[in-house]
Amino acid sequence: QDAAGNLALPVTRTVNVVPDPATNNLWPNDPRNLLPFFTNYGFDHGTFEQWSIRHDRAPWSLEIVNDPLAEGGKAMFFEEWDRGVCVVSPNFMAVAGSYYEARFYRPGNISSCKAIVIAGSTPNDINIPLGHDHLAEVSVANSTEYVTTTIDLTPFAGQVIRVGFFGGNLKADYVNVYRDWK
């Protein structure tokens, strides 16, 4: 009842929300996504939240930058030409038929740039030289635009692994881990 003694009627409102694919990336809800809890796969949070960063010494540059060519409008950029930097996802269990897709490029022409798979038990405070613990890797040559590459994760089925990037000069748009091979 309100102050005048009138009975209040319940109001029911149904709202149908239809995501706009142009503005909302639906990847976390994709049933093929092997890492649904990994919501910062495209650096869209504007931070390194959920990513692990490994390096022997502080990188010259390590930041999330606005990039109109990146799918979510943000990209990770780093430079450390002497020893390199490794930026990897959270641990997850690889399954047969799964693969890792990465979109990235090497803007400079001095150092290497790779999409990598490492063991999930690899510590963040690394005691072995960076780059010597990769289970799989795909390098790209110097480029001025993003390249999309894939790594089959079937050989690591049943193992806890991480995926990400390694190099001395790299700009990364995203990583996706699919349950089924293309």
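For every chain, the first residue of the written sequence is number 1, and numbering continues from 1 onward in sequence order. Residue-level local features of this predicted model are given only where pLDDT is at least 70; pairs of side-chain atoms are given and counted only at 80 or more, and the full residue set underlies all totals for whole chains, interfaces and linings. For the side-chain quantities, the full set of heavy atoms in the structure was used; hydrogens and water were omitted.

**Student:** Even after reading the chapter, I still don't get the pattern of salt bridges, so can you show me in this structure?
**Tutor:** Side-chain pairs of opposite charge can arise where the charged atoms are in close proximity. A pairing counts as a salt bridge when a side-chain nitrogen of Lys or Arg comes within 4 Å of a carboxyl oxygen of Asp or Glu. Summed over all chains, the structure comprises three salt bridges. When the shortest N-O distance is used, the salt bridge between Asp 173 and Arg 103 registers 2.3 Å. Placement of the pair is Asp 173 in strand E11 (residues 169-178) and Arg 103 in strand E6 (residues 99-105), with a sequence separation of 70 residues. For each residue, the accessible area found with a 1.4 Å probe, counting protein chains only, is set against the maximum for its type, and the residue is called buried under 20%, exposed over 50%, and partly exposed in between. With relative accessibility at 1%, the residue Asp 173 sits in the buried group. The partner of Lys 114 in a salt bridge is Glu 137, and the shortest N-O contact between them spans 3.0 Å. The helix and strand labels rest on DSSP assignments: H or I over at least four residues marks a helix, E over at least two residues marks a strand, and numbering proceeds from the N terminus.

**Student:** Help me understand the nonpolar core, please; the structure alone is not making it clear to me.
**Tutor:** It is characteristic of soluble globular proteins that their nonpolar side chains tend to be buried jointly. Ranked by internal contacts, the top residues of the largest apolar core, which has 33 residues, are Met 76, Tyr 100, Phe 104, Val 117, Leu 153 and Phe 165. Of all the secondary-structure elements, those providing two or more residues to this core are strand E3 (74-79), strand E4 (85-88), E6, strand E7 (113-119), strand E10 (160-167) and E11. Core analysis: the second largest hydrophobic core is formed by six residues, Val 65, Ala 70, Tyr 105 and Tyr 146 among them. Think of a nonpolar core as a cluster: buried Ala, Val, Leu, Ile, Met, Phe, Trp, Tyr and Cys residues, connected wherever their side-chain atoms sit within 4.5 Å.

**Student:** Can you walk me through the sheet that holds strand E2 (residues 61-66) in this structure?
**Tutor:** What links the strands of a sheet is backbone hydrogen bonding, and the strands pair in either a parallel or an antiparallel sense. By definition, two strands form a pair when at least two bridges between them are found by DSSP. What the five strands build is an open sheet, ordered E2-E3-E11-E6-E9; its pairing is antiparallel. Of all the strands in the sheet, the pair left with one neighbour each is E2 and strand E9 (147-152). Taken pair by pair, the neighbouring strands of this sheet meet at an average axis angle of 30 degrees, ignoring direction. Of the strand pairs in this sheet, E3 and E11 are connected by four bridges, and their pairing is antiparallel. Inter-axis angles, ranging from 0 to 180 degrees, are taken between N-to-C directions of lines fitted to C-alpha atoms, where helices are fitted over the stretch in contact.

**Student:** Looking at this structure, how should I read the environment of Val 95?
**Tutor:** Along the polypeptide, Val 95 turns up in the loop between strand E5 (92-93) and E6. A relative accessible area of 30% means that Val 95 is categorised as partly exposed. With 84 residues separating them in the primary sequence, Val 95 and Arg 179 have C-alpha atoms 7.2 Å apart. Any two residues having at least one pair of non-hydrogen atoms within 4.5 Å are treated as being in contact. Excluding its chain neighbours within four sequence positions, the residues that come into contact with Val 95 are Leu 34, Leu 153, Thr 154, Ala 157 and Arg 179.

**Student:** Would you explain the environment of Gly 164 in this entry?
**Tutor:** Summarising the element assignment, Gly 164 is placed in strand E10. A C-alpha to C-alpha distance of 7.1 Å links Gly 164 and Val 175, two positions eleven residues apart in sequence. When near neighbours in sequence (up to four residues on either side) are disregarded, Gly 164 contacts Trp 51, Val 87, Val 88, Tyr 100, Lys 114, Ala 115 and Ile 116.

**Student:** Would you take a moment to explain the environment of Asp 173 for this structure?
**Tutor:** Residues Asp 173 and Ala 70, spaced 103 residues apart in sequence, show a C-alpha to C-alpha distance of 5.4 Å. Other than its neighbours up to four places away in sequence, Asp 173 contacts Tyr 41, Gly 42, Phe 43, Leu 69, Ala 70, Glu 71, Gly 72, Lys 74, Arg 103, Phe 104 and Tyr 146. Nitrogen and oxygen atoms within 3.5 Å of one another constitute a polar contact, given that in protein one can donate a hydrogen and the other can accept it, and given that sequence-neighbouring residues count only through two side-chain atoms. Polar contacts involving the side chain of Asp 173 include one to the main-chain amide nitrogen of Glu 71, which spans 3.0 Å. Only 2.3 Å separates the side chain of Asp 173 from the side chain of Arg 103, close enough to count as a polar contact.

**Student:** So what exactly am I meant to see when it comes to the side chain of Asn 40 here?
**Tutor:** Take Asn 40: it is sitting in the segment before strand E1 (52-55). Among the polar contacts made by the side chain of Asn 40, one reaches the main-chain amide nitrogen of His 45 at a distance of 3.1 Å. The residues contacting Asn 40, other than those within four sequence positions of it, are His 45, Thr 47, Phe 48, Glu 49, Gln 50 and Trp 51.

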